Number of protein chains: 2
Amino acid sequence: MNKSKITIEGAKDYLVKNGINPSYQRLKIFEHLAKSTSHPTVDIIYHELSKEIPTLSKTTIYNTLNLFQRKGIVIGLTIEDNKLRYDSNTELHAHFKCTKCGEVYDIPVEFPPEMNNKVNEHIVDERHFYMKGTCRNCTKNTG
Amino acid sequence: MNKSKITIEGAKDYLVKNGINPSYQRLKIFEHLAKSTSHPTVDIIYHELSKEIPTLSKTTIYNTLNLFQRKGIVIGLTIEDNKLRYDSNTELHAHFKCTKCGEVYDIPVEFPPEMNNKVNEHIVDERHFYMKGTCRNCTKNTG
DNA sequence: TTCTCTGCAAACGCTTTGCACGGAT
DNA sequence: ATCCGTGCAAAGCGTTTGCAGAGAA
């Protein structure tokens, strides 16, 4: 699945197709994730969507994102040790987190094909690759 | 620095060389990390070292590992979202975590040299690459 | 009615902080 | 006397769980 192919209009069908009852909250949460480029945390989603849905609770966001993960339509990113970020792009790619501004960027990478399924005799199910540093915007702004 | 070059005898000198006062607890914690192959969590270190040092507290382990990280002699691994693991091998390498037995293996990898310093105009300070799946031992044992 | 979704409140687990005691210089 | 390391207890914070009320079928 490619994030750019998920339109807001198609979000509802997309949830249904993946066996998810498209409630109002679930739809909003998925839409927010699909159009976000910054791989938001639960807290960010909560503060953002609370504007539209004042009754929204974090519990619902946690429930929903765990459901989405089980259904395979989002992946959880473990970049910080203490909080989870979420990405609706489930294709294999890397992430770059700017330690100055906190933004998380997608980075296209080609993984060596010989480690696609096995590495050192271990069977590989998931691959996670992320980098930290100073992003191009922050480099510009500080000279 | 290469983990295999750190002998237990040399640990004290190694701490001093890196500007760390080699107290008994710090020495024991570093030694444990240096000879461990499983990238232990604070909890694992605590239970292991408590046998030798019954008065040891987790606070001391947290304090010590944070100090070690600041001094650059260990790195924190964010593989699970909820707990930190520690590695005294500060050379660039990948990790494989077995979701069956929980063991974490070192994996030598060559990163594409073109992403050593910059990627998509972003300045890269840290690179983290880890995989999850079933390790060779668990594959054998379950057939 | 029955089943599912939502959301408050409490619990949980890892990590950090506050602080006092003890040892070394 | 001063400084630093240690460790108990409490706080902090992200996440999960228990549960009751609301809503859909």
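Each value, and the rule that gives it
- Residues numbered from 1 in each chain as written.
- Chains lettered and ligands numbered in written order.
- Predicted model: local features only at pLDDT ≥ 70, side-chain atom pairs only at ≥ 80, totals over all residues.
- Heavy atoms only, no water.
- Near = heavy atom within 4 Å.
- Polar contact = N/O pair within 3.5 Å; in protein donor to acceptor, adjacent residues only side chain to side chain.
- Helix = DSSP H or I, 4+ residues; strand = E, 2+ residues; numbered from the N terminus.
- Nonpolar A, V, L, I, M, F, W, Y, C, P; charged D, E, K, R; others polar.
- Least-squares fit on C-alpha atoms with pLDDT ≥ 70 in both.
- Contact = heavy atoms within 4.5 Å.
- Core = buried A, V, L, I, M, F, W, Y, C linked by side-chain atoms within 4.5 Å.
- Buried < 20%, exposed > 50% of the residue type's maximum accessible area, 1.4 Å probe, protein only.
- Domains from an automatic or database assignment.
- Buried area = accessible area lost by both parts, 1.4 Å probe.
- Salt bridge = Lys/Arg side-chain N within 4 Å of Asp/Glu carboxyl O.
- Disulfide = S-S within 2.5 Å.

1. Some details on the protein's contact with DNA strand C
Neighbouring DNA strand C are 15 residues; Ser23, Arg26 and Ser57 of chain A together with Tyr62 and Leu84 of chain B lie closest to it. Each atom of DNA strand C within 4 Å of the protein was assigned to sugar, phosphate or base; sugar and phosphate come to 76%. Separating a phosphate oxygen of DNA strand C from a side-chain N or O atom of Arg26 of chain A is a distance of 2.8 Å. Between Tyr62 of chain B and DNA strand C, the recorded distance is 2.6 Å, taken from a side-chain N or O atom to a phosphate oxygen. Listing elements by their share of the surface near DNA strand C, those giving two or more residues are helix H2 (24–35) and helix H4 (58–71) of chain A together with helix H4 (58–71) of chain B. Per-element tally for the surface near DNA strand C: the top contributor is H4 of chain B, with three residues. Grouping the amino acids of the surface near DNA strand C by side-chain chemistry returns three nonpolar, ten polar and two charged.

2. Focus on the relation of the copies chain B and chain A
The two copies are related by a screw motion: chain B maps onto chain A through a turn of 180° and a shift of 0.0 Å along the axis, at an RMSD of 0.1 Å. With respect to symmetry, the two chain copies, as superposed, fit the operation of a two-fold axis. Of the C-alpha atoms belonging to chain B, the one lying closest to the rotation axis is found on Phe129 of chain B, 2.2 Å away. Interface overlap between copies: 100% of the residues of chain B at the interface are likewise at the interface in chain A, consistent with a symmetric, same-surface contact.

3. Focus on the nonpolar core
One finds Phe96, Phe129 and Met131 of chain A together with Phe96, Phe129 and Met131 of chain B to be the most contacted residues of the largest nonpolar core, which totals 28 residues. Breaking this core down by element, the ones donating at least two residues are strand S3 (94–98), strand S4 (104–107) and strand S6 (122–134) of chain A together with strand S3 (94–98), strand S4 (104–107) and strand S6 (122–134) of chain B. Setting aside its immediate chain neighbours within four residues, Phe129 of chain B contacts Phe111, Met115, Arg127, His128 and Phe129 of chain A together with His93, Ala94, His95, Val109 and Phe111 of chain B.

4. Remarks on the domain arrangement of chain A
Residues and elements named next belong to chain A. When cut into domains, chain A gives domain 1 (3–86) and domain 2 (91–141). Contacts between the two partners involve ten residues from domain 1, matched on the other side by ten residues from domain 2. Surface buried jointly by domain 1 and domain 2 totals about 810 Å² across both partners, of which 54% is contributed by carbon and sulfur atoms. At the junction of domain 1 and domain 2, the tally comes to one salt bridge. When the shortest N-O distance is used, the salt bridge between Lys97 and Glu80 registers 2.0 Å. For the interface between domain 1 and domain 2, the tally reads three residue pairs in polar contact (both at pLDDT 80 or more).

5. Section: the pattern of salt bridges
All names here are of chain A. Tallied over the entire structure, the rule returns ten salt bridges over all chains. With a shortest N-O distance of 3.1 Å, Lys51 and Glu48 are connected by a salt bridge. Assessed through its relative accessible area of 63%, Lys51 is described here as exposed. We classify Glu48 as partly exposed; its relative accessible area is 34%. Linked by salt bridges that have partners in common, Glu80, Arg85 and Lys97 make up one network.

6. Quick word on the environment of Asp87 of chain B
All names here are of chain B. On the secondary structure map, Asp87 appears in strand S2 (residues 85–87). Under the relative-accessibility criterion, Asp87 is labelled buried at 1%. Once the C-alpha coordinates of Asp87 and Leu77 are considered, the two residues, ten residues apart in sequence, prove to be 7.1 Å apart. Separated by 3.3 Å, the side chains of Asp87 and His39 make a polar contact. Side-chain polar atoms of Asp87 contact the backbone nitrogen of Asn89, separated by 2.8 Å.

7. Side note on the state of the cysteines
For the structure shown, the criterion picks out zero disulfides over all chains. Just so you know, Cys98 of chain A is unpaired, no disulfide at all, and the nearest cysteine sulfur is the one on Cys101 of chain A, 3.7 Å from it.

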